[in-house]
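Tertiary structure, described
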Amino acid sequence: MRVLVTGGAGFIGSAVCRHLVANGAERVVNVDKLTYAGNLQSLRAVEKHPNYAFYRADIRNEQSLLDIMRLERVDAVMHLAAESHVDRSIDGPGAFAETNVLGTVRLLCAALAYWSELGPTARDRFRFHHVSTDEVFGDLPFSGGVFAEETRYAPSSPYAASKAAADHFVRAWYQTYGLPVVLSNSSNNYGPFHFPEKLIPLTIINAIEEKPLPLYGSGANVRDWLHVDDHARALELVMREGRPGESYNIGARAARNNLSVVESICDLLDIRLPRKGGKSYRDLITLVADRPGHDRRYAIDPSKIERELGWRPKQGFEAGLSDTIDWYLANGWWWEPIRRERYAGARLGGRHRSVA
């Protein structure tokens, strides 16, 4: 299968590209604008592979994407390109509307034009896989509940709203034009090559550098954690075997509150990289003012993808977190330039406060 991956230099996108190349895809075509979070160093393992190609392009450029699809004769589009950090969406929501909404619409237009040109067999084989997030569903109470595919959309942040809008446009292209789309909504990802603005990589790197470990509010907010390699496997399954017009929730049933995640990182680093004087990294945990619209709890019900496609996560959270810490300890070549040149760990999304 010849697969075009948008956002393939990002965290999840690069994991998808590495996975597809390693598992025998006929062609993996990575299209990425290379914004601040795009990093071709995440693709060193596959960059010279004969079945891999990279194009620097903006998904808002419909003609450019159509030209690439034609040139590479793709069988599927896996759409992961997105602005994805909630804090950045609070400070600058316009960029999220431009990329996540307008970019998705223009990519859909390119895909529809390309699909319309294909012969009957190729048209039947083609898939447009839109990769989304559980944040479109809003938040859950601490007392319980899970997100199912039928859960009503109720986004809380500009980021979540932009992804919700993109989801609706993708479904509209299926209903109106018949474009064979599949959608997936996943829980929080973690693992290697994760840009250090998100909780787990930021905590690991700040701890290594003996800097404060910021934690919003009391750290009670709960997230369902999914290893990025498990997610990449699930995404390939949805692309290949998902039913057109359907959506699939992807999660690992590994819910943890943020405080316990940060404490686990500290405890593992206490063993791997002891601080001087016998101090614990837990001493660096610093509670900071909560961000506006901070969802309390996310929890994914992955029963549908388990039942219909046979997917199960392979990586337990404790082992996956341990491996992730080991990766950051061993791969300063990847994250140290980011800290120096792109993002030093400053708080984002703090200029605005909730008035609720």
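Keep in mind it's a predicted model, so treat the numbers as computed, not measured. (Residues numbered from 1 in each chain as written. Predicted model: local features only at pLDDT ≥ 70, side-chain atom pairs only at ≥ 80, totals over all residues. Heavy atoms only, no water.)

Re the UniProt feature "domain: NAD(P)-binding" (unreviewed entry) in the chain
When the UniProt feature table is mapped onto this chain, "domain: NAD(P)-binding" (unreviewed entry) is found at residues 4-323. The annotated region residues 4-323 carries 42% helix and 17% strand content, and the separation between its end C-alpha atoms amounts to 29 Å. (UniProt positions renumbered as here; feature names shortened; annotations may be inferred. Helix = DSSP H or I, 4+ residues; strand = E, 2+ residues; numbered from the N terminus.)

Some thoughts on the packing of aromatic side chains
Scanning the entire structure with this criterion turns up 16 aromatic pairs. Considering the side-chain rings of Tyr-114 and Phe-126, the 5.9 Å spacing of their centres and the 55 degrees angle between planes classify their relative orientation as tilted. Of the two residues, Tyr-114 is situated in helix 4 (residues 93-117) and Phe-126 in the loop between helix 5 (120-125) and strand 5 (127-133); the sequence distance between them amounts to 12 residues. The exposure class assigned to Phe-126 is buried, which follows from its relative accessible area of 0%. In textbook terms, an aromatic cluster arises when at least three aromatic residues are bridged by ring pairs, as seen for Phe-137, Phe-147, Tyr-153 and Tyr-298. Above the face of the Tyr-36 ring, Arg-88 is positioned so that its terminal group lies 3.8 Å from the ring centre. One residue, Arg-123, lies across the ring of Trp-115, its end atom 4.0 Å from the ring centre. (Phe/Tyr/Trp six-rings, centres within 6.5 Å; stacked < 30°, edge-to-face > 60°. Buried < 20%, exposed > 50% of the residue type's maximum accessible area, 1.4 Å probe, protein only. Lys NZ or Arg CZ within 6 Å of the ring centre and 35° of its normal.)

Some points on unusual backbone geometry
Unlike most non-glycine residues, Leu-34 shows phi in positive territory, near 60 degrees. By the element assignment, Leu-34 lies in the loop between strand 2 (27-32) and strand 3 (52-56). At Arg-73, a position not held by glycine, the phi torsion is positive, near 50 degrees. Given the relative accessible area of 52%, Arg-73 is considered exposed.

A short note on the side chain of Ser-184
Positionally, Ser-184 belongs in strand 6 (residues 181-186). For Ser-184, a relative accessible area of 0% gives the class buried. What Ser-184 contacts, discounting residues up to four positions off in sequence, is His-129, His-130, Val-131, Ser-132, Thr-133, Leu-235, Tyr-248 and Ile-250. (Contact = heavy atoms within 4.5 Å.)

What about the pairing of strand 1 (residues 2-6)?
Taken across its 5 residues, strand 1 has 5 buried, putting it largely inside the fold. Of the two faces of strand 1, both are covered, the one formed by Arg-2, Leu-4 and Thr-6 as well as the one formed by Val-3 and Val-5. Pairing of strand 1 with strand 2 involves 5 bridges; the strand directions are parallel. Following the sheet pairing, Thr-6 is matched in strand 2 by Val-31. In terms of handedness, the path from strand 1 via helix 1 (residues 11-22) over to strand 2 forms a crossover that is right-handed. Bridging between strand 1 and strand 4 (residues 76-79) involves 4 bridges; their strand directions are parallel. (Pairing = 2+ DSSP bridges. Right-handed = clockwise from strand over helix to strand, strands pointing away.)

What about the pattern of salt bridges?
Per the counting criterion, the structure on display carries 25 salt bridges. Residues Asp-58 and Arg-60 are paired through a salt bridge, measuring 2.8 Å at the closest nitrogen-oxygen approach. Judged by its relative accessible area of 24%, Arg-60 is partly exposed. Residues Asp-326 and Arg-272 are paired through a salt bridge, measuring 2.5 Å at the closest nitrogen-oxygen approach. Within this pair, whereas Asp-326 is found in helix 11 (residues 317-330), its partner Arg-272 is found in helix 9 (residues 258-272), the two being separated by 54 residues in sequence. Overlapping salt bridges bring together Arg-2, Glu-26, Arg-27 and Glu-72 as one network. (Salt bridge = Lys/Arg side-chain N within 4 Å of Asp/Glu carboxyl O.)

Looking at helix 6 (residues 158-177)
Between its first and last C-alpha atoms helix 6 spans 28 Å; for 20 residues at 1.5 Å apiece the expected length is 28 Å, and the two agree. Residues Tyr-159, Ala-160, Ser-162, Lys-163, Ala-164, Ala-166, Asp-167, Val-170 and Trp-173 constitute the buried set of helix 6. Among the structural elements, helix 3 (86-91), helix 4, strand 5 and strand 6 are those in contact with the buried residues of helix 6. Gly-178, located one to two residues past helix 6, shows a positive phi value of around 80 degrees. (Expected span 1.5 Å × (residues − 1).)

A few points about the sheet that holds strand 9 (residues 222-227)
Reading across from one edge, 7-9-11 is the order of the 3 strands in this open sheet, with mixed pairing throughout. The two strands at the open ends of the sheet, each matched to only one other strand, are strand 7 (188-190) and strand 11 (255-257). Shown here is a sheet whose adjacent strand axes are inclined to one another by a mean of 50 degrees, direction ignored. As judged from the 3 bridges shared by strand 7 and strand 9, these two strands associate in the parallel manner. (Axes fitted to C-alpha atoms, helices over the stretch in contact; angles between N-to-C directions.)

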